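Listed below are the residues making up each chain.
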Amino acid sequence: MTKRNPQTLIPVPAAASPPAFRSYGRTDLRRLPQLKQLSRDRLQAMDIVARVLPFKVNNYVVENLIDWTRALDDPIFRLTFPQPGMLRTDHFNEVAGAVRSGDREHLLATIHAVREELNPHPAGQKDQNVPQLSDGTPLPGMQHKYTQTVLFFPSQGQTCHAYCTFCFRWPQFVAIKSGRFAMREATLLIRYLREHPEVTDLLITGGDPLIMRAKILSAYVDAVLKADLPGLQTIRIGTKALSYWPHRFVSDPDTPELLQMMRRVTERGLHLALMAHVNHVNELQTGVAEQALRNIRATGAEVRSQSPLMRRINDAPEDWTTLWQRQVRLGMVPYYMFLARDTGAQHHFAVPLVRAWEIYSEAIRKTSGLARTARGPSMSSAPGKIEISGVARVRDQRVLVLRMLQGRNPDWAYRPFFAEYDERALWLDDLRPAFGEREFFFEREAVAAGDEGDEFEAVAAA
Ligand SMILES: *Cc1c(COP(=O)(O)O)cnc(C)c1O
Ligand code: SF4
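Bear in mind that the values here come from a model prediction, so they are computed numbers and not experimental data.

Parameters and conventions
- Residues numbered from 1 in each chain as written.
- Chains lettered and ligands numbered in written order.
- Predicted model: local features only at pLDDT ≥ 70, side-chain atom pairs only at ≥ 80, totals over all residues.
- Heavy atoms only, no water.
- Helix = DSSP H or I, 4+ residues; strand = E, 2+ residues; numbered from the N terminus.
- Buried < 20%, exposed > 50% of the residue type's maximum accessible area, 1.4 Å probe, protein only.
- Contact = heavy atoms within 4.5 Å.
- Pairing = 2+ DSSP bridges.
- Phe/Tyr/Trp six-rings, centres within 6.5 Å; stacked < 30°, edge-to-face > 60°.
- Lys NZ or Arg CZ within 6 Å of the ring centre and 35° of its normal.
- Axes fitted to C-alpha atoms, helices over the stretch in contact; angles between N-to-C directions.
- Parallel < 35°, antiparallel > 145°, perpendicular 65-115°, else oblique.
- Left-handed = near helix turned anticlockwise from the far one by under 90°.
- Nonpolar A, V, L, I, M, F, W, Y, C, P; charged D, E, K, R; others polar.
- Salt bridge = Lys/Arg side-chain N within 4 Å of Asp/Glu carboxyl O.

*Asks:* Lay out the overall build of the protein chain with the relevant residues and their values.
*Replies:* Across its full length, the protein chain holds 14 helices and 13 strands. When burial is assessed residue by residue, the protein chain has 57% of its 462 residues classed as buried. In the protein chain, once contacts between residues fewer than 6 apart in sequence are set aside, the share between residues at least 24 apart is 73%.

*Asks:* Requested: an account of the pairing of strand β7 (residues 271-277), with residues and values cited.
*Replies:* Of all 7 residues in β7, 6 are buried; the element is thus mostly enclosed. Where strand β6 (residues 234-239) and β7 come together, 6 bridges link them in parallel fashion. Paired with T239 across the bridge in β7 is A276. Pairing geometry for β7 and strand β8 (residues 302-309), over 5 bridges, is parallel. Bridged to M275 within β8 is R304.

*Asks:* Pulling in residues and values, what's your account of the packing of aromatic side chains?
*Replies:* This structure, assessed with the given rule, holds 20 aromatic pairs. Considering the side-chain rings of W324 and Y360, the 5.8 Å spacing of their centres and the 75 degrees angle between planes classify their relative orientation as edge-to-face. With W324 in helix α11 (residues 317-329) and Y360 in helix α13 (residues 353-365), this residue pair connects regions lying 36 residues apart in the sequence. Look at Y360 and you get buried, because its relative accessible area is 13%. With centroids separated by 5.3 Å and ring planes inclined at 80 degrees, the aromatic side chains of F441 and F442 adopt a geometry described as edge-to-face. The exposure classification of F441 matches that of F442, with both residues buried. Ring pairs connect the aromatic residues W412, F417, F440, F441 and F442, which therefore count as one cluster. One residue, K240, lies across the ring of Y244, its end atom 4.9 Å from the ring centre.

*Asks:* Got a sec to walk through the packing of helix α4 (residues 89-101) against helix α5 (residues 104-117)? Specific residues and values, please.
*Replies:* Contact geometry for α4 and α5: axes closest at 8 Å, N-to-C directions at 165 degrees. Considering the angle they form, α4 stands roughly antiparallel to α5. Crossing of α4 against α5: the hand is left-handed. On the side of α4, the interface is formed by H91, E94, V95, A98, V99 and S101, while α5 contributes H106, L107, T110, I111, V114 and E117. Taken together, the residues of the contact of α4 with α5 break down into 6 nonpolar, 4 polar and 2 charged.

*Asks:* Account for the sheet that holds strand β5 (residues 201-204), naming residues and giving values.
*Replies:* Strands sit in the order β3-β4-β5-β6-β7-β8-β9-β10-β11-β12-β13 across an open sheet of 11 strands; the sheet is mixed. Edge strands, defined here as strands with exactly one partner in the open sheet, are β3 (142-146) and β13 (416-420). Direction aside, the axes of adjacent strands within the sheet are offset by 30 degrees on average. Packing against the sheet, helix α7 (residues 214-227) makes contact with β4 (149-152), β5 and β6, and its axis sits at approximately 165 degrees to β6.

*Asks:* Lay out the packing of helix α1 (residues 40-52) against α4 in plain terms, naming residues and giving numbers.
*Replies:* Their axes nearest at 10 Å, the elements α1 and α4 cross at an angle of 100 degrees. It follows that α1 is roughly perpendicular to α4 by the angle criterion. The segment α1 lies against α4, with A45, I48, V49, R51 and V52 engaging F92, V95, A96 and V99. Class assignment for the residues of the contact of α1 with α4 results in 8 nonpolar, no polar and 1 charged.

*Asks:* Could you give an account of the pattern of salt bridges, naming the residues involved and the relevant values?
*Replies:* Enumeration according to the criterion identifies 19 salt bridges in this entry. Between R236 and D201 there is a salt bridge, with the nearest N and O atoms lying 2.9 Å from each other. Of this pair, R236 sits in strand β6 while D201 sits in strand β5, and the two are 35 residues apart along the sequence. Assessed through its relative accessible area of 14%, R236 is described here as buried.

*Asks:* Give a description of unusual backbone geometry that names residues and reports values.
*Replies:* Trans is the common state for peptide bonds, and a negative phi is the common state for residues other than glycine. Geometrically, the link from G206 to G207 is a cis peptide bond, its omega value of 20 degrees lying close to zero. With respect to the secondary-structure elements, G207 resides in the loop between β5 and α7. With an omega of -10 degrees, the peptide bond running from G376 to P377 counts as cis. Mapped onto the elements of the fold, P377 is located in strand β10 (residues 375-380). Non-glycine residue D228 carries a positive phi angle of around 50 degrees.

*Asks:* Account for the environment of Q346, with residues named and values stated.
*Replies:* Structurally, Q346 is set in helix α12 (residues 346-349). Since its relative accessible area comes to 13%, Q346 is described here as buried. Put simply, Q346 and M86 are 260 residues apart on the chain and 8.4 Å apart in space, counted from C-alpha to C-alpha. Non-local contacts of Q346, meaning those with residues more than four positions away in its chain, are made with A340, R341, L426 and W427.

Listed below in structure tokens is the structure:
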């Protein structure tokens, strides 16, 4: 084990001319040289999809993560560039027709109508379960669903360095507010944490909080450190920057400030966990990603990883075996495999629950114990996070074995339960209780408690 000398924790010198971040959007589809090889039809189809769903990619992703000799099959291309199948044929044709019509009003109305039909995350995603201070002040930038962990969405962190095609957080990718809110938000957050000493984990999430300048992010983090909350153990930061812009940890102008802020957290004796959203091993192969990890870990932070399982992107068992093995090698800790939420382009990306379990178990069998910290496949559903534990035969009946990992009711955590075997089920709603029972235990208890259930968010990055 190397002994760390604080003097050496300063990040390695930046490259002679560190690359500047350049972001590309829909109108760049016609300009990017790498795309010239694609057919006209294909480009047009991508343009149609990008009119409805958010599209943003950047120079690092385009130049380093995609194998352009086989672009259409490339997982990162599929992860970041609009895919024709993401829109249903009828929606696609409506938008294509509206584009051809040349009538701008009609086009905008059509796009709007299609978006509405895609059931974007309920607008109230973050407004449901809004926590309150004891004096009734609502805290709309926070979520507190599971006892120990509070989610905090700083208002300046609601975008990302690139967008994942499967992500349906687009309603929140629009309004980015000014930095003036940081101090007020931090003050409210701290008041809330003081009132809730049971909270051990603060999860700063987005979008991607690392889109923020170090100065703004530090305003939040330092306020938390200064508050010296006795119950707080861990600060987690949910991010995809390691994959989409690893220069964030290597050569951005404010990288030293960011790394120093991270080190302040660990030197305070708190656990700092970077919750890295990584979908595919190709995101972890570049020299700059490796350097980013070294710099992060030199601050004393741990890096945990999570990813949803997506058809066409990472739905082969080998995808996960190689991903987890690479992560362990780089010093990351695999944390979660999630399932595609039942919204938006789920028809394009979803993997059935039974198949997801097969992929997970086949993948994990090929790893050593150090990679088996990856939990899943897990569904972030209304009653809680539910793990597909496996398929079993009980008295001649095939059943799905499930386990509540985190429940809306804390007493539900780790309770096993059973559903009828169903190879096509994509989500909890598709499942029926096994053994002729009428309800799952959490439905019974929820009704008993007079709880009607609520809409739920899917923590995608974070
Ligand atoms: C996953 C999740 C958490 C964190 O749960 P852990 O088991 O502590 O990782 C907190 N809040 C919400 C809403 C979540 O989905
Ligand atoms: S999945 Fe995460 S990184 Fe990807 S677009 Fe959504 S919030 Fe951003």
